[in-house]
Amino acid sequence: MHSILDGNTLDRLTKFKAYPAGWYGRDIGEALSIDTVMLFEEFAKSLGTLHTSPSLFLTIDGHLQLAWEDINDNGFEITVYSDKFEYYFESDNSEGFFDEVDMQLLINKIKEC
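Cut-offs used in this document
Numbers given to residues run from 1 along each chain, matching the order in which its sequence is written. Totals for whole chains, interfaces and linings use all residues, but because this is a predicted model, local features are given only for residues with pLDDT of at least 70 and pairs of side-chain atoms are given and counted only at 80 or more. By convention in this description, side-chain values take in all heavy atoms of the structure and omit both hydrogens and water. Note on definitions: salt bridges are taken to be side-chain nitrogens of Lys or Arg within 4 Å of carboxyl oxygens of Asp or Glu. Every helix listed is a DSSP run of H or I at least four residues long, and every strand listed is a run of E at least two residues long, numbered separately from the N terminus. Exposure categories follow from relative accessible area, calculated using a 1.4 Å probe and restricted to protein chains: below 20% of the type maximum is buried, above 50% is exposed, and the middle band is partly exposed. In this analysis an axis means a line fitted to C-alpha atoms, helices contributing only their contacting stretch, and an angle means the value between N-to-C directions, from 0 to 180 degrees. Oblique is the label for every angle not falling under 35 degrees (roughly parallel), over 145 degrees (roughly antiparallel), or within 65 to 115 degrees (roughly perpendicular). When checking whether two residues touch, look at their non-hydrogen atoms; a contact exists if any pair is within 4.5 Å. For this scheme, ten residues count as nonpolar: Ala, Val, Leu, Ile, Met, Phe, Trp, Tyr, Cys and Pro. Four count as charged, namely Asp, Glu, Lys and Arg, and the remainder, Gly too, count as polar.

Peer 1: Explain the pattern of salt bridges residue by residue, including any values.
Peer 2: In total, this model carries two salt bridges according to the counting rule given. Note that Glu41 is salt-bridged to Lys17, the shortest N-O span being 3.8 Å. A residue pair is termed long-range when its members are at least 10 positions apart, and Glu41 in helix H2 (residues 34-47) and Lys17 in helix H1 (residues 7-18) qualify at 24 residues. We classify Lys17 as partly exposed; its relative accessible area is 47%.

Peer 1: Kindly report on the packing of H1 against H2, identifying the contributing residues and their values.
Peer 2: Remark: H1 packs on H2, axes separated minimally by 12 Å, with the N-to-C direction vectors making an angle of 170°. In terms of orientation, H1 lies roughly antiparallel with respect to H2. Taking contact as the criterion, the partners of Thr9, Leu13 and Lys17 in H1 are, on H2, Val37, Phe40 and Glu41. Split by residue class, the contact of H1 with H2 holds three nonpolar, one polar and two charged.

Peer 1: I'd like a description of unusual backbone geometry, backed by residues and values.
Peer 2: The residue Arg26 is not glycine, and still its phi comes out positive at about 55°. Position of Arg26 relative to the elements: it lies in the loop between H1 and H2. If you check the backbone angles, Asp27 has positive phi at about 60° while not being a glycine. Residue classification places Asp27 among the exposed positions, given a relative accessible area of 76%.

Written out as structure tokens, the structure is:
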């Protein structure tokens, strides 16, 4: 089992924190939102472990996206904003949003898949 906050993810998060506005080029790419980082860290600690290490990406609008596959090779994507989560689960072809206050509902959904 792997924590979302494994060494590779933490290294990437540290690098993303240092990216300035315009990191994508031609003044495109927002700097990482500190509120997003705080919500991401709370989510990661609450989620615990997964069977695989997710990949972490910085979105063009300064938020964080996680992507991984379950044991049946179904994709999961979670985008962490400063106050909500956007998700897509290939296993049941579901997508949508959870507000920050409903984070545990998202975690339960991840654990069910």
